[in-house]
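Coordinate analysis (summary)
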Amino acid sequence: MQIKKRFIMGHDAKKLISDFINDHLSGDLNNIRNFDFETLYSSQKFGCPGRKFDCDDTNIMRAIYVILWQDLLPGLSMNNCGSGSRQYRGETLNTFHTMFGKANPNYPGHFYGLEKYAPSDEIREKVRRFRKICHLLGNYAVLPNWRADNTTINCYRGTNDWHDFFDQFLIELYNILTASPQQNDILKKLVSVNHFCFDKFMGIDGFCCFARGLLLTDYCTAGMIPVKIFAGNYHWKDENDSTTYMHDAMQYIEQAEAIIRQRTDNMCKILFTKLYD
C-alpha cells in the first residue's frame with residue numbers, strides 16, 4: 001500500500017512539472033535554467049494559491065523537491081511538503097534581504113539596505129540582476145520543518161548570529177551530525193525533533209550523503225567539510241563603513257551567483273534523468 005501511495009505522489013508531481021514545462025518553459029525543460037520563480041506570484045496552479053507567496057514554497061517547487069529528493073529524504077511527498085506543520089519545507093539557500101534589504105515600493109529597483117550606502121547606478125543594476133538570480137532553481141532546497149523551541153530550521157536560520165547565511169548554517173549542522181563538541185543548542189533540538197530525516201545522515205559519512213544528495217558540495221571542501229564562504233556582512237552591521245559593505249556585497253554577489261548557477265545546472269540534469277529516463 002505504501003509503495004502504491006508513493007507512486008501516486010510521484011506521478012502527481014511529475015504531472016505538475018510536465019504542465020509547467022508546457023505552460024512556462026515552451027515545452028523545453030532546459031528553459032528552467034533561467035526561469036524566475038517570482039514570476040509565479042499570481043499563478044493559481046504553480047504558485048502559492050491561498051497562502052503567502054514564497055518562491056521556495058510554490059506548488060511547482062514542492063513538486064520539484066519530490067522528484068529530485070524523495071529517494072534521499074525519508075517520507076518526502078507532495079502531501080507533507082510546505083509551510084505550517086508539514087514535515088518538510090522549501091528553503092532559499094542564499095539570502096538577498098540580509099545583504100540588500102527589501103525593495104522600496106516608491107522607487108522601483110531600489111532596496112532599503114543598499115541605499116544606506118549611496119550606491120552608484122552600476123551597483124544598483126548589479127543588485128537588481130542578482131535579485132533575479134536569487135529566484136533561480138539552484139537557490140532552492142528542501143529541509144525538515146518540525147518545530148522545537150517555538151521555531152523551525154527555516155525560521156531559526158534567519159533569527160540568530162548566522163543572519164541566514166547558508167554556509168554558516170551548514171557548518172553548524174555538520175557539527176551536530178558529526179557530534180562535534182561545538183554544537184548550537186537550539187539547532188541540536190531541531191535536528192532531534194526532525195529525527196525522521198536526520199537519523200539517516202548522522203556521522204561524517206551521513207553528512208557526506210546529505211551534502212552530496214542535496215547538491216551542497218560547493219559549500220564544502222573536497223573532503224566534504226563545510227567551510228565559511230561569505231564575509232557574513234549585512235546591511236545594518238556598520239552603516240558608517242561603506243567601503244567594507246560594498247566590497248563584501250559585491251563579493252557576495254559573485255560567490256552566490258556561481259553557486260546558484262552550478263547548482264541550477266546540476267538540478268536540471270537530475271530532473272532530466274528523473275522525468276525522462
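Figured I'd write up the structure that's included with this text.

Criteria and thresholds
Residues numbered from 1 in each chain as written. Predicted model: local features only at pLDDT ≥ 70, side-chain atom pairs only at ≥ 80, totals over all residues. Heavy atoms only, no water. Helix = DSSP H or I, 4+ residues; strand = E, 2+ residues; numbered from the N terminus. Buried < 20%, exposed > 50% of the residue type's maximum accessible area, 1.4 Å probe, protein only. Polar contact = N/O pair within 3.5 Å; in protein donor to acceptor, adjacent residues only side chain to side chain. Contact = heavy atoms within 4.5 Å. Salt bridge = Lys/Arg side-chain N within 4 Å of Asp/Glu carboxyl O. Phe/Tyr/Trp six-rings, centres within 6.5 Å; stacked < 30°, edge-to-face > 60°. Lys NZ or Arg CZ within 6 Å of the ring centre and 35° of its normal. Core = buried A, V, L, I, M, F, W, Y, C linked by side-chain atoms within 4.5 Å.

You can see Arg124 is positioned in helix α5 (residues 121–133). On the basis of relative accessible area, Arg124 is assigned to the buried category, the value being 13%. Among the polar contacts made by the side chain of Arg124, one reaches the main-chain carbonyl oxygen of Pro119 at a distance of 3.5 Å. Filtering out sequence-adjacent residues up to four positions away, Arg124 remains in contact with His110, Leu114, Glu115 and Pro119.

We now examine the pattern of salt bridges. Under the defined criterion, the tally for this structure stands at 19 salt bridges. Asp57 is the salt-bridge partner of Arg62, the closest N and O atoms lying 3.0 Å from each other. Side by side, Arg62 and Asp57 carry an identical accessibility label, which is buried. Among the salt bridges present, the one from Glu257 reaches Arg261, with a minimum N-O distance of 3.4 Å. Residue Glu257 and its partner Arg261 are located together in helix α11 (residues 242–276), separated by 4 residues, close to a single helical turn. The network of salt bridges with shared partners includes Lys15, Asp19 and Lys45.

Here we come to the packing of aromatic side chains. For the structure shown, the criterion picks out 28 aromatic pairs. Ring geometry for Tyr174 against Phe207: centres 4.9 Å apart, planes inclined by 85 degrees, an arrangement best described as edge-to-face. In this pair, Tyr174 is assigned in helix α7 (residues 166–177) and Phe207 in helix α10 (residues 203–213), connecting sequence segments 33 residues apart. Using a relative accessible area of 15% as the deciding quantity, one classes Tyr174 as buried. Pairing Phe207 with Phe210 gives two aromatic rings, centres 6.4 Å apart and planes at 35 degrees, and the pair type is tilted. Here the residue Phe207 and the residue Phe210 both occupy positions in helix α10, the gap between them amounting to 3 residues, near one helical turn. Taking relative accessible area as the criterion, Phe210 reaches 1% and is therefore assigned buried. Three or more aromatic residues joined by ring pairs form one cluster here, namely Phe96, Phe100, Phe111, Phe130, Phe165, Phe230 and Tyr252. Between the NZ or CZ atom of Arg157 and the centre of the ring of Phe169, over which it lies, the distance is 5.7 Å.

Looking now at the side chain of Arg157. Inspection of the secondary structure puts Arg157 in the loop between α6 (153–156) and α7. Reaching out from Arg157, the side chain makes a polar contact with the backbone oxygen of Thr92 at a distance of 3.1 Å. Apart from residues lying up to four places away in sequence, Arg157 is in contact with Glu91, Thr92, Leu93, Trp162, His163, Asp164, Phe166 and Phe169.

With that settled, consider α10. If you check which residues of α10 are buried, you get Gly206, Phe207, Cys208, Phe210 and Ala211. On its buried face, α10 sits against β2 (140–144), α7 and α9 (195–198). One or two steps after α10, the chain reaches Leu215, where phi turns positive at roughly 60 degrees.

This part is about the nonpolar core. If you look at the biggest cluster of nonpolar residues, it comprises 89 residues, and the most contacted ones within it are Ile32, Phe37, Ile64, Trp69, Leu73, Phe100 and Phe210. Ignoring any residue separated from it by four or fewer positions in sequence, one finds Ile32 in contact with Phe20, Leu25, Phe37, Ile64, Leu137, Cys268 and Leu271.

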